[in-house]
Amino acid sequence: MIVGKAVGIMRKLVHPIVEQLDERFNLRFENLVVAAAIIAICFLAGMLAHIRAAKKVVSSVENNVLSHMPGYSFMKSFGADMMGQGNDNDWKPVTVRLDDSWQIGFLIDDISEDVCAVFIPDAPKPWSGTITYVTNDRIKILNITQKQAVDYLRVLGRGMHSMIKDGFDQ
């Protein structure tokens, strides 16, 4: 959807130039010019992202706008984990004992010495869920990545037993 919009906008911008070149050289390459222009813009955006001023703007937008969007920090952390850039302190996969059942969740914060905040995602779409506060004795940190935990949620836990069997011990 976003790519389609970008192609449509770029097509309108390059059409007059391409039209002149088509008349002069009898070539039809509007799609090639549009693709090259989008690639060039993405490349320049990537280069700009490494400039200190751009990093400040991105940080400001993240802190003041994006952090208020539901699920943004989870998706950012999950994306970093998938790219191998995850932080060990970010959203550790856990099992949480709630009454007589266990659920997979993500440790999001240590509230005190005895209490932590856990995000319990919905399955099979883990981008929404519930935040609950539990005592530390009710969680077990799993030795799996965020991506593995989300993959298990997507298949409703199928095959998960072999990976987290120690996470259910009483």
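Above this text sits the structure in question.
Residues numbered from 1 in each chain as written. Predicted model: local features only at pLDDT ≥ 70, side-chain atom pairs only at ≥ 80, totals over all residues. Heavy atoms only, no water.

Quick notes on the sheet that holds strand E2 (residues 101-110)
Turning to step 1, where the next piece is worked out: A sheet is described by the order of its strands in space; here 5 strands give the open sequence E4-E3-E2-E1-E5, paired in antiparallel fashion. The open sheet has two free edges, formed respectively by strand E4 (129-135) and strand E5 (139-141), since each of these has just one partner strand. With direction set aside, neighbouring strand axes in the sheet form an average angle of 40 degrees.
Turning to step 2, where the next piece is worked out: Bridging between strand E1 (residues 92-98) and E5 involves 3 bridges; their strand directions are antiparallel. If you follow Thr 95 over to E5, its bridge partner there is Lys 140.
Turning to step 3, where the next piece is worked out: In this fold helix H5 (residues 146-154) packs onto E1, E2 and strand E3 (115-121), with an angle of close to 145 degrees to the strand it touches most, E2. (Pairing = 2+ DSSP bridges. Helix = DSSP H or I, 4+ residues; strand = E, 2+ residues; numbered from the N terminus. Axes fitted to C-alpha atoms, helices over the stretch in contact; angles between N-to-C directions. Contact = heavy atoms within 4.5 Å.)

Notes on the nonpolar core
Turning to step 1, where the next piece is worked out: In this structure, Trp 91, Ile 104, Phe 106, Phe 119, Leu 142, Ile 144, Ala 149, Val 150, Tyr 152, Leu 153 and Met 160 together form the largest nonpolar core, which totals 11 residues.
Turning to step 2, where the next piece is worked out: Elements represented by at least two residues in this core include exactly E2 and H5.
Turning to step 3, where the next piece is worked out: It is H5 that provides the largest number of residues to this core, a total of 4 residues.
Turning to step 4, where the next piece is worked out: Counting residues in hydrophobic clusters, the runner-up holds 8 residues, among them Val 94, Val 96, Val 134 and Ile 139. (Core = buried A, V, L, I, M, F, W, Y, C linked by side-chain atoms within 4.5 Å. Buried < 20%, exposed > 50% of the residue type's maximum accessible area, 1.4 Å probe, protein only.)

A short note on the pairing of E2
Turning to step 1, where the next piece is worked out: Note: E1 against E2, 7 bridges, orientation antiparallel. What sits directly across from Thr 95, in E2, is Ile 104.
Turning to step 2, where the next piece is worked out: Taking the residues between adjacent antiparallel strands as the criterion, E1 and E2 are bridged by 2 residues, where Asp 99 takes a positive phi near 55 degrees.
Turning to step 3, where the next piece is worked out: Summarising the sheet, E2 and E3 pair through 4 bridges and their orientation is antiparallel. Its bridge partner lying in E3, Leu 107 is registered against Val 118.
Turning to step 4, where the next piece is worked out: The antiparallel hairpin formed by E2 and E3 contains 4 residues in its connecting segment.

Details of H5
Count 3.6 residues to each turn of an α-helix, and residues three or four apart come out pointing the same way.
Turning to step 1, where the next piece is worked out: Listing the buried residues of H5 in full gives Gln 146, Ala 149, Val 150, Tyr 152 and Leu 153. Angularly, the buried residues of H5 cover 155 degrees about the axis, an arc narrow enough to put them on a single face.
Turning to step 2, where the next piece is worked out: One or two positions beyond H5, positive phi appears at Leu 156, with a value near 60 degrees. (Arc of directions from axis to C-beta.)

Regarding unusual backbone geometry
Turning to step 1, where the next piece is worked out: In this structure, Asp 99 takes a positive phi of about 55 degrees despite not being glycine.
Turning to step 2, where the next piece is worked out: Secondary-structure assignment places Asp 99 in the loop between E1 and E2.
Turning to step 3, where the next piece is worked out: Taking the relative accessible area as the measure of exposure, Asp 99 reaches 67% and is therefore exposed.

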